[in-house]
Amino acid sequence: MLPDKRNNAAQSQRWAFSQLFGLARRNPLMISRWVLRWAVVGTICGLFAGLYWNVLELITHQLQRFEGLSLLIVMPLAGLIIGLAIHFLGNPGEIAVIVDNIHFRGGRLDARKNPSMIIASLVSIAAGGSAGPEAPLVQVTGSFGTWVADRLKLQGEDLRSMSIAAMAAGFTALFGAPLGGAMFALEILHHQHIVEYYEALMPAIVASCASYLVFAAITRLGIAPTWHFPQYRLENIDDFALAILFGIVGAIAGWIFIGIFRGCDRFFTRIPGPIYVRTTIAGLGLGSLAALLPLTRYFGHEELESVVTTSFSAVFLLVLALGKMTAISITVTGGWRGGFIIPLFFTGACIGQAIAILIPGLNPALAAICTMAAINAAVTRTPISTTILLSKLTNFSPFTPILFASLIGFFLSPKVPLIASQLKSQPEIQN
């Protein structure tokens, strides 16, 4: 006689309901200790980001006084200090190393390299390198997430998710966009699969929200829009066609930037000797560029506002964009530390503003923001988070044109990404 499968199924269902009812009776809410852990990690990351930003502002105000030809001395000296810190404290790597660790080391980021990263990045950014604080913040906070995971004895995806959540918290603190920061921490990890580690999405969002509140309370940044573009209202379907065209322009700019970047990389890798030789030469190059084009100095957080509000000529803006691409490339390949997202936004804004000047009748905000989105998506392969971030940073509420431009930049980008570690090999992945 065959067993009665219906009775077995009914018993299993009753057992499942009783178990679920017991759990619900003990905790009827969705909140759990995991949510509290993510929030605590985000809070501590926000505290660190606030401290880092205040120290960075203090050093920057001291070094901003040097201008013109004096930069030919100040910036090589800064490069020497950066190189010596890396030489004696260890090479902290760049975003490519972080991506590698998430893929190939199960999400484990090494905190022993943080002193080198903190010192080198503070000097790099404060002295005027064309790289922002997002990379050091992601490295330091991500390694803190790994440390917390080790204390909690987490393994596998739980450990990776904690590291990614802390990375997102560090990134969000700077940009003031919790959802955009969470998405960026996931998108940057692969050149094609947007949210491969989808288990980390909710931890990243929770940690980002906590970090954002703490950082905003400390610095008063990230509450209002960062850059103030002219008013724009989406009223014409033709604007989507324009967004696509701006996306194509941004993708072309991305190709040009990647070419310059790889050229600089080949140049600096051929320089013999310790790393402080390379960083000092890079400082000389950056000082020379800053003396000729002062707006290429620094990572563009404040300088981009000048591009938006000042009546520059189209030729000057295009020259400035080319100079900025060169400055970013020298900064990163020359051994200085920092990220290139805001510098890429600056480059895109210059190109977009130039197009709006050359073609009367175009909305300068639409041109600039769509080009900013496309060049960043082409280089970093992060179209979704780029759209969210720019919508928040510029208060550009109809973000659909930004999405169109970001996707065009993403799909027209080179098949081999600039961040080579985004091209991971599946057989090598082990938790």
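Right above here is the structure, for reference.
Source: prediction; values computed, not measured. (Residues numbered from 1 in each chain as written. Predicted model: local features only at pLDDT ≥ 70, side-chain atom pairs only at ≥ 80, totals over all residues. Heavy atoms only, no water.)

As for the overall build of the chain
Piece 1. Summing up its helical and strand segments, the chain has 17 helices and 0 strands in all.
Piece 2. Taken over 431 residues, the chain has a buried fraction of 54%.
Piece 3. Across the chain, the fraction of contacts at a sequence separation of at least 24, relative to all contacts at a separation of at least 6, is 82%.
Piece 4. Counting only carbon and sulfur atoms, one obtains 67% of the accessible surface of the chain, whose full area is about 19,000 Å². (Helix = DSSP H or I, 4+ residues; strand = E, 2+ residues; numbered from the N terminus. Buried < 20%, exposed > 50% of the residue type's maximum accessible area, 1.4 Å probe, protein only. Contact = heavy atoms within 4.5 Å. Areas by Shrake-Rupley, 256 points an atom, 1.4 Å probe, with all protein chains shown as cover.)

Focus: the pattern of salt bridges
Piece 1. Considering all chains together, one arrives at 4 salt bridges under this definition.
Piece 2. The closest approach of N and O atoms between R233 and E235, which form a salt bridge, is 3.5 Å.
Piece 3. By relative accessible area, E235 is classed as exposed at 61%. (Salt bridge = Lys/Arg side-chain N within 4 Å of Asp/Glu carboxyl O.)

Thoughts on the environment of A378
Piece 1. You can see A378 is positioned in helix α15 (residues 364-380).
Piece 2. By relative accessible area, which is 1% here, A378 ends up buried.
Piece 3. Along the primary structure A378 and L412 are separated by 34 residues, whereas in three dimensions their C-alpha atoms are 7.1 Å apart.
Piece 4. Discounting chain neighbours no more than four positions away, the residues touching A378 are A251, G254, I258, G409, F410, S413 and P414.

Quick word on the packing of helix α10 (residues 238-269) against α15
Piece 1. Look at α10 against α15: their axes get within 7 Å of each other, and the N-to-C directions meet at 45 degrees. Relative to α15, α10 is oriented oblique. Taken as a pair, α10 and α15 cross one another with a handedness that is right-handed. Contacts from D239, L242, A243, F246, G247, G250, A251, A253, G254, F257 and I258 in α10 reach L366, A367, C370, T371, A374, I375, A378 and V379 in α15.
Piece 2. Here the residues of the contact of α10 with α15 are counted per class, giving 14 nonpolar, 4 polar and 1 charged. (Axes fitted to C-alpha atoms, helices over the stretch in contact; angles between N-to-C directions. Parallel < 35°, antiparallel > 145°, perpendicular 65-115°, else oblique. Left-handed = near helix turned anticlockwise from the far one by under 90°. Nonpolar A, V, L, I, M, F, W, Y, C, P; charged D, E, K, R; others polar.)

Brief notes about unusual backbone geometry
Piece 1. With a phi angle near 60 degrees, R381 is a residue other than glycine that sits in the positive phi range.
Piece 2. Relative accessible area serves as the criterion here: at 4%, R381 is assigned to the buried category.
Piece 3. Positive phi is not limited to glycine here, since N395 has a value of about 60 degrees.
Piece 4. Along the polypeptide, N395 turns up in the loop between α16 (383-394) and α17 (400-411).

Some points on the side chain of T279
Piece 1. Of note, T279 is situated in helix α11 (residues 275-292).
Piece 2. On the basis of relative accessibility, which here comes to 0%, the residue T279 falls in the buried class.
Piece 3. Contacts of T279, omitting those with residues within four sequence positions, involve G79, L80, I82, G83, G334, G335 and W336.

A look at the packing of helix α7 (residues 156-175) against helix α9 (residues 201-219)
Piece 1. As a packed pair, α7 and α9 sit with axes 7 Å apart at the nearest point and diverge in direction by 35 degrees. As for the relative orientation of α7 and α9, their crossing is right-handed in sense. Contacts between α7 and α9 involve S161, A165, A168, A169, T172, A173 and L174 on the former and, on the latter, P203, A204, A207, S208, S211, Y212 and F215.
Piece 2. Residues of the contact of α7 with α9, tallied by class, amount to 10 nonpolar, 4 polar and no charged.

Observations regarding the nonpolar core
Piece 1. Counting residues in each nonpolar core, the largest one holds 84 residues, and the members touching the most others are F175, F229, F257, L304, F345 and M372.
Piece 2. With 11 residues, helix α14 (residues 341-358) is the single largest residue contributor to this core.
Piece 3. Those residues within four positions of F175 in sequence are excluded, and the remaining contacts are E134, I341, I342, F345, L389, K392 and L393. (Core = buried A, V, L, I, M, F, W, Y, C linked by side-chain atoms within 4.5 Å.)

Some words on the environment of P294
Piece 1. You can see P294 is positioned in the loop between α11 and α12 (303-309).
Piece 2. For the pair P294 and E67, spaced 227 residues apart in the sequence, the C-alpha separation amounts to 8.2 Å.

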